Amino acid sequence: EMEHSSVARAAFERTRLRQEQSYLDIGCGNGYSVRWACQVHPSVEGYGIDVSEKMIERARSRSSTIPNARFIHSPFPLRDLKAQSFDAIVAIESFYFMPDVLWALANVVRLLKPGGRFVCVLDRYAENTEYRPWDEGTGVDTHNLSVETWRDLIAEAGLLIFEQTQIKTSLK
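From a predicted model like this one, the values you see are computed outputs, not experimental measurements.

What counts and how
- Residues numbered from 1 in each chain as written.
- Predicted model: local features only at pLDDT ≥ 70, side-chain atom pairs only at ≥ 80, totals over all residues.
- Heavy atoms only, no water.
- Salt bridge = Lys/Arg side-chain N within 4 Å of Asp/Glu carboxyl O.
- Helix = DSSP H or I, 4+ residues; strand = E, 2+ residues; numbered from the N terminus.
- Phe/Tyr/Trp six-rings, centres within 6.5 Å; stacked < 30°, edge-to-face > 60°.
- Lys NZ or Arg CZ within 6 Å of the ring centre and 35° of its normal.
- Pairing = 2+ DSSP bridges.
- Right-handed = clockwise from strand over helix to strand, strands pointing away.
- Buried < 20%, exposed > 50% of the residue type's maximum accessible area, 1.4 Å probe, protein only.
- Core = buried A, V, L, I, M, F, W, Y, C linked by side-chain atoms within 4.5 Å.
- Contact = heavy atoms within 4.5 Å.
- Arc of directions from axis to C-beta.
- Polar contact = N/O pair within 3.5 Å; in protein donor to acceptor, adjacent residues only side chain to side chain.

**Student:** Can you help me understand the pattern of salt bridges in this one?
**Tutor:** Scanning the entire structure with this criterion turns up two salt bridges. A salt bridge links D87 to K113, with the nearest nitrogen and oxygen atoms 3.3 Å apart. In this pair, D87 is assigned in strand β4 (residues 86–92) and K113 in strand β5 (residues 112–121), connecting sequence segments 26 residues apart.

Here it is as C-alpha cells:
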C-alpha cells in the first residue's frame, strides 16, 4: 500500500467516482482503494476481489468499520458478479498475473455499466527492463507484453482507450 499509494491514488482519481456509484478493485490486496471509494460517500458500494486469502482477511480487518466495503476471496474473473454492475473498475498491478488477459478484459467489459470507467495500472511491460530481475527471481508467471500489445488487447476486449500514460519509476 505504501509503495503504490501515489500511483494508486492517481488511478483512483481517474475513476471520477461519485455518490451512489459502485466500485470494484481487481487484485485489491489489503483493500486500501476500496476504503478510498467508500470514503467518497456512504452510498458508494465498494468491492474488492483478490486471489490471496490472507490479503482478503487483511482487507476485511482493516475495513471492519466501513459498512459499504465488501471483499471477495476469488480469482478474477468471477461469474457470480452481475453484468453491468460497476461504474468504476480499477486494477492496480494485477493484470499481468491473469492467466488469460483477453478473457479477464472481456469480463471487465461485461461488468462495467454503460459509460463506466476502467483504470488499469501496469508497471511490468516489455519496455520496462528494470523489472526483469524481479520477475525472474520470483518464480511467478507474468505477462511481459509491450505497451502496444497491452493497448491492442484492451481495444480487442471492447474498451475505448481515452488515456494512456506511462510513468517510469526507478526500483533503485
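**Student:** Can you walk me through the packing of aromatic side chains in this structure?
**Tutor:** When we look at a pair of aromatic rings, we describe it by the centre distance and by the angle of the planes. Under the criterion given, the structure shown has seven aromatic pairs. Geometrically, the ring pair formed by F12 and Y23 is edge-to-face, given 5.5 Å between the ring centres and 70° between the ring planes. Here F12, found in helix α1 (residues 5–14), pairs with Y23, found in strand β1 (residues 22–26); they are 11 residues apart in sequence, far enough to count as distant. The structure contains a cluster of three or more aromatic residues connected by ring pairs, namely F12, Y23, Y32 and W36. Seen from the ring of W36, R9 lies directly overhead, with NZ or CZ sitting 4.0 Å from the centre.

**Student:** I keep staring at the pairing of strand β3 (residues 69–73) and nothing clicks. Help me out?
**Tutor:** Successive side chains on a regular strand alternate, one facing one side of the sheet and the next facing the other. Pairing of strand β2 (residues 45–50) with β3, which is carried by five bridges, proceeds in the parallel orientation. When the bridges of β3 are listed, G46 appears paired with A69. In this fold, β2 hands off to helix α3 (residues 53–62), which returns the chain to β3; that crossover is right-handed.

**Student:** Hey, could you run me through the pairing of β4 in this one?
**Tutor:** The element β4 is extensively covered by neighbouring structure, given that seven of its seven residues are classed as buried. As judged from the four bridges shared by β1 and β4, these two strands associate in the parallel manner. In the sheet register, L24 faces β4, and the bridge partner there is I89. As paired strands, β4 and β5 are joined by six bridges and run parallel to one another.

**Student:** Where do I start with the nonpolar core in this structure?
**Tutor:** Across soluble globular proteins, nonpolar side chains show a tendency to be buried alongside one another. Counting 25 residues, the largest nonpolar core has L24, I26, F76 and F95 as the members making the most contacts within it. Within the residue set of this core, elements represented by two or more residues are β1, β2, β4, α4 (101–111), β5 and α6 (147–156). In terms of residue count, α4 provides more of this core than any other element does, five residues in total. The contacts of I26, once residues within four sequence positions are left out, are I49, F76, I89, V90, A91, I92, S94, F95, M98 and V108. Core analysis: the next-biggest nonpolar cluster, separate from the first, contains 22 residues, A11, Y23, V34 and V90 among them.

**Student:** Looking at this model, I keep getting lost on unusual backbone geometry. Mind explaining?
**Tutor:** When glycine is set aside, most residues are seen to have a negative phi, and most peptide bonds are trans. Note the cis peptide between F76 and P77, where omega equals 5°. Among the secondary structure elements, P77 is positioned in the loop between β3 and β4. A positive phi angle, close to 50°, is found at Q84, a residue other than glycine. Along the chain, Q84 turns up in the loop between β3 and β4. In this structure, E93 is a non-glycine residue whose phi angle is positive, near 55°.

**Student:** Please clarify how α4 should be interpreted in this entry.
**Tutor:** Residues separated by three or four positions in an α-helix point in the same direction, a consequence of the helix having 3.6 residues per turn. For α4, the set of buried residues is V101, A104, L105, N107, V108 and L111. Considered in projection along α4, the buried side chains sweep an arc of 155° and stay on one side of the axis. The distance from a side-chain oxygen at the start of α4 to the backbone nitrogen of L102 is 3.3 Å, and the residue carrying that oxygen is D100.

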